[in-house]
Amino acid sequence: MAFEIFSLNRLEIKLLLFQLARILGRPMLTEHDTTEKKRGLRTSLVLAHPDVILNELASLEAYQSDLAYLKQKVDAGADLIVTQLFYDTDIYLKFVNDCRQIGIKCPIVPGIMPINNYKGFVRMAGFCKTKIPSEVSAALEPIKDNDEAVKAYGIHLGPEMCKKILSHGIKTLHLYTLNMEKSALAILMNLGLIEESKISRSLPWRRPTNVFRVKEDVRPIFWANRPKSYKSRTIGWEQCPHGRWSDSCPQRQVPAVQDSLSYSRAYWVSESVIAWNVDVGDGSCYLYSSKIAALSIGDGGIIGYDVKIKLEEDNGRAFYKLIEKFPQLQGYKAFKVPLTVDAKSLIKCQLAIAALSCFGEADGQCNNVTGLQLPGVLDELFSYEGPLGAIFSEEAVTLHLWAPTAQVVRACICRDPSSGDPLDIVSLEEVNGVWSARGPKSWEGCYYEYEVSIYHPSTLQIEKCTANDPYARGLSADARRTLFVNLNFDDLKPEGWDNLGDEKPALLSFSDISIYELHIRHFSDSAGILHLKRLCNAGVSHLHLLPTFQFAGVDDEKEKWKCVVVFFVKDVGGCRDDYVKLWLFKMRMGTTGYNPVLWGVPKGSYASNSKGPWRTLEFRKMVQALNRVGFRVVLDVFYNHLHGSGTFDENSVLDKIVPGYYLRRNSDGCIENSTCVNNTASEHFMVERLILDDLLCWAVNYKVDGFRFDLMGHIMKRTMPNDHDHGGEEVAEEMLAVSKDHIQ
């Protein structure tokens, strides 16, 4: 069918809801509208796709049947209809007219998606089966390789479509942003519907401490405390495709040798092999290391090193076998690392590899220099399957952290979740890349954070990073410290929790599954629960919860929620006021949580109390209650990316613990961002292990019944629990066995 019921949960349609609330004569609900929520006033909608139901291949009978089905849904209580994106306004207007002819009177909101780049436009139109008018194709064809021209055409086309639609009495627009809101705002401004306010607001980041930079109003990213300003550091950046600015655009020339230590173009793929896409000819190749990160390039080549090792080119078969694991290195040269080299010590240092020309019998000029990417050798030397995180026994609490490139690791044990002097500072001992410490049972209920001294390629320095435990299972309310929480503690289990696996709703066949996607806020009151019971009676079997893990962008401390954006919206819906304020709140109502920080911790803002272990207990109560209503619970999981990276981002965790390992890098050593930001690298052993351990934690400790993987194509196929060719079947069987057959 061409129609589908779904829940409102996207920030991008707040403007739509505001206008519709006025048309329908109902107030737009916010988290503060407790009175209206108790009365159960909610807006429900139907999604329609005119291009599909008006398909030229569809028969008149099929079209009329679809319209009749749509009317049934409207009659069942839908307040409005929102269309899928389209570019042929005549099809939309015919669809509206036909709906009116059969008695559908609710608003039919057009879905407009600005054209930002040609490839994305064609991909999305194909995915949504959207018809592209011939005049649009003709206009785009000669400029399809010019992103700026395509975007300019999209900003021209959007207002023209909207003007035609508005001229036919339509009073509401829905603009799809897909996280690229600038074109949508430009369209609204061209229509004269909005103008951005000039109300000043406080900076949402920490001001620089340097006296010469305190007046800066440009976000410093991770250079807040550097004497050199963000502006001066980025003055030479160039504009890349898709509106990004960078010092590593595809069209940039290869940087000079002086700048090459900032890149990591060589790969240490095994203990004995380094791969580099360079031809040294008759020259020589050397590996350099510095434990204090003092490497630099002088007139005679690299200086400041502790160790210098000559590498010989390797033409043997060993490297060709490694190509199967690293197919991106096809065509690279292989260099042999001498057997006498202590690789486990070197990987803790700043490393560089250089190609020198031949000058008689001596080494000549340094022609090429780069840093190294280490995941290959780390996997070979330090893959680990033992305990990680905080482990509780009857006598003690032990900590285990996988950080093979760290030089020093300490744990600061704190009684207070956010302030106060540490109760204890414990130095962890390393055995083969795993740092461990043993503490008293009294640590349980306290908080801790790791202090990791480590070389970080983003700063080319030895940094002292403070981070949460990657295997954290609880957090402080401000998410800066990890809570020592024993998930097996009886006080954290609702009554009857251990037997919940036997109470799960029956599922005779996978073909019986009917999934309903919603946000936790949608059933956070009695009206929401009543709606869920009706869905269950109607045959819905599974609830798919939008992200419930710890994500950035929403404070867990509710007293910090505040207004962050103000627009003045011109009236287009018959309101008496000339202008109406639209407030977008930085709170759980304003985000779907697609910016993960820690995958294995429930989000604190959804708990009645984000302090201590309450989020654990209340999440379990939620799963138990939903099961008893008649639903199995599916979690939305985002293992394809992480919100933070680098040494200074407060939301960075994994990239502080083992820099350059958990996040996927390109051939320059820069982080890939095709998922939206900070792609994770599940092809690396310990990344895959973290994902699988996390899935097991949710399945076993929270008894969830299934998972929906966001952008699964960015995760290795072998990682998926149902991959029969790479051992994934064994993982699925283990999950089923441990969780008493309640997970799907």
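The coordinates are above.
Residues take numbers from 1 onward in each chain, read along the sequence in its written order. Thresholds applied to this predicted model are a pLDDT of at least 70 for local features of residues and 80 or more for the giving and counting of side-chain atom pairs; totals over whole chains, interfaces and linings are not thresholded and use all residues. To obtain the side-chain values, all non-hydrogen atoms of the structure were used and water was disregarded.

> Before we go on, may I ask you to explain the overall build of the chain in this structure?
Along its length, the chain carries 18 helices and 35 strands. Exposure categories follow from relative accessible area, calculated using a 1.4 Å probe and restricted to protein chains: below 20% of the type maximum is buried, above 50% is exposed, and the middle band is partly exposed. Residue burial in the chain is summarised as follows: out of 744 residues, 53% are buried. Considering only residue pairs separated by 6 or more positions, the chain has 71% of its internal contacts joining residues 24 or more positions apart. Each accessible area is a Shrake-Rupley result for a 1.4 Å probe, and residues are judged covered by the shown protein chains and nothing else. Roughly 35800 Å² of accessible area belongs to the chain as shown, and the carbon and sulfur atoms make up 51% of that amount. Counting from the N terminus, the helices are the DSSP runs of H or I reaching at least four residues and the strands are the DSSP runs of E reaching at least two. In what follows, residue pairs with any heavy atoms lying within 4.5 Å of each other are defined as contacts.

> Sorry if this is basic, but what is going on with the sheet that holds strand β34 (residues 632-637) here?
Here, a strand pair is defined by DSSP locating no fewer than two bridges between the strands. Taking strand neighbours across the sheet as the criterion, the 4 strands line up as β28-β29-β34-β35 in an open arrangement whose pairing is parallel. Strands with a single pairing partner mark the edges of an open sheet, and in this sheet they are β28 (515-518) and β35 (706-709). For this sheet, the mean angle separating the axes of adjacent strands, direction not counted, is 25°. By the bridge criterion, 4 bridges tie β28 to strand β29 (residues 542-545) in an arrangement that is parallel. Note that in β29 the partner of Glu517 across the bridge is His544. Across the sheet, helix α15 (residues 614-629) touches β29 and β34, and the angle it forms with β34 is around 135°. For helices, the fitted line uses only the C-alpha atoms of the stretch in contact; every axis is such a line through C-alpha atoms, and the angle between N-to-C directions lies from 0 to 180 degrees.

> Help me understand the pattern of salt bridges, please; the structure alone is not making it clear to me.
Two side chains with opposite charge may pair up if their charged atoms get near one another. One side-chain nitrogen of Lys or Arg within 4 Å of one carboxyl oxygen of Asp or Glu is enough to make a salt bridge. Inspection of the entire model under this criterion finds 23 salt bridges. Across the pair Lys164 and Asp90 runs a salt bridge whose closest N-O atoms are separated by 2.7 Å. Of this pair, Lys164 sits in helix α8 (residues 147-166) while Asp90 is found in helix α5 (residues 89-101), placing the two residues 74 residues apart along the sequence. Taken together, the shared-partner salt bridges connect Asp490, Lys493 and Asp498 into one network.

> Please clarify how unusual backbone geometry should be interpreted in this entry.
The backbone phi angle of Cys676 is positive, close to 145°, even though this residue is not glycine. Relative to the helices and strands, Cys676 resides in the loop between α16 (654-657) and α17 (685-701). Residues other than glycine seldom take positive phi values, yet Leu711 does so here, at roughly 45°. Mapped onto the fold, Leu711 is located in the loop between β35 and α18 (728-738). The class for Leu711 is partly exposed, based on a relative accessible area of 37%.

> Hey, could you run me through helix α13 (residues 375-382) in this one?
The periodicity of an α-helix, 3.6 residues per turn, causes residues three or four places apart in sequence to face the same way. Among the 8 residues in α13, 7 count as buried, and that is most of the element. Turning to α13, its buried residues number three or more, namely Pro375, Gly376, Val377, Leu378, Asp379, Leu381 and Phe382. Next to the buried residues of α13 lie β9 (266-270), α12 (343-346), β18 (372-373), β20 (396-402) and α17.

> Can you walk me through helix α6 (residues 118-127) in this structure?
Of the positions making up α6, those classed as buried are Gly120, Phe121 and Ala125. The arc that holds every buried residue of α6, seen down its axis, measures 125°, which confines them to one face. Along α6, the residues that are exposed and aim more than 90 degrees away from the buried face are Lys119, Arg123, Gly126 and Phe127. Considering only its buried residues, α6 is in contact with α7 (134-140). A 3.5 Å cut-off defines polar contacts: any pair of N or O atoms within that distance qualifies, except that in protein one atom must be a possible hydrogen donor and the other a possible acceptor, and neighbouring residues in sequence count only when both atoms are side-chain atoms. Taking the backbone nitrogen of Gly120 as reference, a side-chain oxygen 2.7 Å away marks Asn117 as the first, capping residue of α6. Lys129 sits one or two residues past α6 and shows a positive phi near 55°. What the arc covers is the set of directions going from the helix axis to the C-beta atoms.

> Would you mind going over the environment of Asn651 with me for this structure?
One can find Asn651 in the loop between β34 and α16. For the pair formed by Asn651 and Asn468, sequence separation is 183 residues and the distance between their alpha carbons is 9.4 Å. Apart from the residues within four sequence positions on either side, Asn651 is in contact with Arg480, Ala552, Val597, His643 and Gly644.

By themselves, these are just geometric observations and shouldn't be taken as functional.
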